[in-house]
Amino acid sequence: MTRISKACFTVFVYGAVSVGFPLATQAGELTGTLTGTLTGTGDQPIVGALVTAERGDPARGVTVYSDAAGHFAVPGLAEGDWQLRVRRIGWRDAQATVPVPGPPVAVALEAETDPAALAAQLPANRWFALFLEQIEDPTQREQFVRQCTYCHQQGNAATRVPREDWQWEKVLHLMARMGGGLTPEVRAQVPGWFDAAYDPAHAVPRLTAGMGTEAFAPPPPEAVRRAVIDEWVLGGRASMQHDLMVHPSGDVYSVDMMQDELFRLDPETGETKRFPIESDLPLGGVFATSGSPLQPNANARVGPHSLQAAPDGSIWVTLALGNRLGRFDPTTEQWTLYPMSEGFYPHTLRIDDRGRVWFTIAGSNHVARFDPTTETFETITLPAVSWSQAALIRMLPVLFWVFQTFEIDPGEAGEGSGGMPVPYGIDIALDGGIWFSQLNAHRIGRIDPDTLEVEIVETPFTAPRRLRFDSQGRLWIPGFSSGLVARFDPKTRAFETWPIPIEPLGSETPYALHVDHSNDTVWICGTNSDSLIRFDPANEEFLVYPLPTRVTYTREIDFDSEGRVWTSNSNAPTWQIERGQPRVIRLDPRAGFAGDDDRVAAAP
Amino acid sequence: MIRSVAGMGSVFGSVFGSVFGSVLGLGTVLAMGVGCDDGPPAGPIVNPPAPWTHERSAAADTLIGQLRQLPPAGGVTVRLAFGPESDLDLYVTGPFEETVYYANTPSRIGGELVADQRCTASALPQATRIEEVRFPTVPGRYRVGVDYPRACGEGRDPAAFAVRVDTPADQLEHRGIAVRQVFEPIVLEFDVASPEEDNR
């Protein structure tokens, strides 16, 4: 064996054996496989490590998990040098440059013996659980989770830094202006909770109890370890890929909410193209002077937010900051924008069989329908929680003006009596009914597509967010602040719920889910735990897929024709993400099933 | 993400029925009077920029003059000067799109908020307030933003401010007017050349 690296780990090349390399016939063809073996102390195999091969600018990476024998096989690599990174909680990251094609590599990992460094390897939710322990009142705890985790993770390295009192005062004031409103009682206690939870003297021993034992960080099960994860860096360092979708053409489209661009990615070639959305609105769009600050590195005037493909292949996008609906024609690559005459902050959209676009309007408590044939909007007012809230919503435009004219400070205000309803997720039932959630009101509802009559259903859990139907017409709902997944049967009006088994329970904040209609498995965003979560209702089993990039905050899920799961990392601000770049992510859960010769051949 | 609207919702949900009831009552009357009927409200209002006046212009000139008296601190230095009537905040985004401000300091490339100013009781009533962010000399594009989160006294008028940038090769100045509760993301953008470019 030949030692080829002396960086922070040891890589050996098996001299004569070369297995598992369907060689590329042309430079750049994605057919090579990088294979190898991971060992730890005493040559023990490292099971369930995330093994990533990455290269290029913008980078593209492929990640697999090591198997029970510590073997791995990273498929689909073009010829040339790749950066190899091996990551496993409890062990120090290992990195080296390796050639493809090339002989199998052997990586000897070093155990992480520094408790602080080990704790730093853990996903945000593990730290956040310590914070949640500080909050005795469950109502206050729920409020914090719902209000303070919807742009970024809580508990990641960027959010647990110590702050002085004056910094806390400014941070909480700023967050309130950006929408993270807390009651004065909660707000007053936040600095103390942070200090108590994240003090290393307290947190590190708690988080590293049992370090060095197998139980400390058990590997994912074999079914998870079959998966292959692809990541593409998309956009710049100030980009924020809020949502993505798989187009019927096979291309993947993603909206960059901070840079006003639509991206197209061809997964086969890796080719990307960006389509700017032009607007004469100021930075910040119609909210430029409303009091809510734009991110400091953003160039957003319209803020593309959610997107879906219509039956004719066109792509419709809600332009949240611009108060517009956008249509992109993939053939002509041209945009058409439709200014809304009513409501503000168009949010999540879905398209019915007739090509009509239905979308929630988060700011003004509406759902709207846009008919492309007549180019007209129909806006439906949703019920508020109370008459006073309804009055407030009705007054909001004027209050935007009042806000500029009179001394009302949003940073000093709190969540009030329940906050605003905030219509959020939306989906269309088999019978054509339009179902939506009201995040802060803790309820869902149905709109009759013909009469536009609205029915409201209280949820037995908090913060229903982005919901989806399965193939049988049952509605699946993530409970964002309740850490669960729910199924609602519109026929019986019955709810069933399952806690999401991210440990510690309650530390996960599932932002969105989607149902693979080929088998009705439910895929859930592990938004605060750098994971994707699969739930099989048939046997009520969860599988948790750890993702390779720390601070992976996900908000939407889609599937391609081969059952692969797509999402995007949209933590805001982007600089909190490991290496500071947004990525779109594809997880192939079946890559290791029969037929994957590369992986089978990987075993030496 | 629900940004602004949730923020506004928080505000109005909190203040409804409070001491601002009379203001909101006025808003209700106006809302009913602007043709809402049974429909939802129209969108938010984008206000025009605050106008320059002789007083604001003179104040900004004074602030610029005070910044000119400060020696360069080395590397890339950005200073924001403003009067005692307001609490402005300086945001400087570096070449790798990470912003240095009171909640994110230092940045990965070493940008740091050196001085922050606030509405504190100990502040001298007439003192100019100067905030400062420093970066090591890293080539690339920089962006300077200014936020006006709150007034320090009873007044809420727009506030004059001045920004001065010192780089190894250049000095830049900007005069502006900040409006309370409005963040101006770009008051100034500038490029720092690499040493190779400077030598050409």
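Undergrad: Honestly, the pattern of salt bridges in this entry has me stumped. Any pointers?
TA: Pairing is possible between side chains that carry opposite charge, provided their charged atoms lie close to one another. Here the structure, examined in full by the defined rule, presents 43 salt bridges over all chains. Among the salt bridges present, the one from Arg350 of chain A reaches Asp427 of chain A, with a minimum N-O distance of 3.9 Å. Pair noted here: Arg350 of chain A is in strand β19 (residues 346-351) and Asp427 of chain A is in strand β23 (residues 423-428), with a separation of 77 residues, a long-range link. Here the salt bridges share partners, and the residues they tie into one network are Lys170 of chain A together with Asp87, Asp89, Asp116 and Arg118 of chain B.

Undergrad: Would you take a moment to explain the nonpolar core for this structure?
TA: When a protein is soluble and globular, its nonpolar side chains tend to lie buried together. Grouped together as the largest cluster of nonpolar side chains are 62 residues, with contacts concentrated most on Phe131, Phe144 and Val190 of chain A together with Tyr102, Phe161 and Val163 of chain B. Tallying contributions element by element places helix α5 (residues 184-198) of chain A first for this core, with six residues. Each residue touching Phe131 of chain A, except ones within four places of it in the same chain, is listed here: Phe144, Val190, Trp193, Phe194, Ala197 and Tyr198 of chain A. In terms of nonpolar packing, the next biggest core, distinct from the first, is built from 59 residues, Phe344, Tyr511, Ala512 and Ala572 of chain A among them.

Undergrad: Before we go on, may I ask you to explain empty space enclosed by the protein in this structure?
TA: A water-sized probe, rolled over the atoms, reveals where empty space remains. A full pass over the atoms with the stated rule returns five cavities of 30 Å³ or more. Computed from the structure, the largest cavity encloses a volume of approximately 60 Å³. If you go around the largest cavity, you meet 10 residues; those closest to its centre are Leu283, Ala288, Ser292 and Leu294 of chain A together with Phe183 of chain B. Among the residues forming the lining of the largest cavity, the class breakdown is seven nonpolar, two polar and one charged.

Undergrad: Looking at this structure, how should I read unusual backbone geometry?
TA: All names here are of chain A. For the bond from Asp57 to Pro58, the omega torsion is 5°, close enough to zero to count as cis. With respect to the helices and strands, the residue Pro58 is situated in the loop between β4 (50-55) and β5 (60-65). Despite not being glycine, Tyr345 has its phi angle at roughly 75°, a positive value. Mapped onto the fold, Tyr345 is located in the loop between β18 (334-339) and β19. For Tyr345, a relative accessible area of 0% gives the class buried. The backbone of Val422 shows a phi angle near 55°, a positive value even though the residue is not glycine. Considering the arrangement of structural elements, one finds Val422 in the loop between α8 (387-405) and β23. By relative accessible area, Val422 is classed as buried at 3%.

Undergrad: Help me understand the environment of Asp516 of chain A, please; the structure alone is not making it clear to me.
TA: Residue and element names in this part refer to chain A. Mapped onto the elements, Asp516 comes out in strand β31 (residues 513-516). Asp516 sits 46 residues away from Asp470 along the chain, and the two C-alpha atoms are 7.4 Å apart. Filtering out sequence-adjacent residues up to four positions away, Asp516 remains in contact with Thr521, Phe559 and Gly563. A polar contact is formed between the side chain of Asp516 and the side chain of Ser518, at a distance of 2.8 Å.

Criteria and thresholds
Residues numbered from 1 in each chain as written. Chains lettered and ligands numbered in written order. Predicted model: local features only at pLDDT ≥ 70, side-chain atom pairs only at ≥ 80, totals over all residues. Heavy atoms only, no water. Salt bridge = Lys/Arg side-chain N within 4 Å of Asp/Glu carboxyl O. Helix = DSSP H or I, 4+ residues; strand = E, 2+ residues; numbered from the N terminus. Core = buried A, V, L, I, M, F, W, Y, C linked by side-chain atoms within 4.5 Å. Buried < 20%, exposed > 50% of the residue type's maximum accessible area, 1.4 Å probe, protein only. Contact = heavy atoms within 4.5 Å. 1 Å grid on protein atoms, 1.4 Å probe; cavity = no way out; pocket = protein on both sides within 12 Å on 5 of 7 lines; lining within 4 Å. Points joined across faces, edges and corners; volume = space filled by probe spheres on them. Nonpolar A, V, L, I, M, F, W, Y, C, P; charged D, E, K, R; others polar. Polar contact = N/O pair within 3.5 Å; in protein donor to acceptor, adjacent residues only side chain to side chain.

So, to be careful, I would describe these as geometric facts and stop short of saying anything about function.
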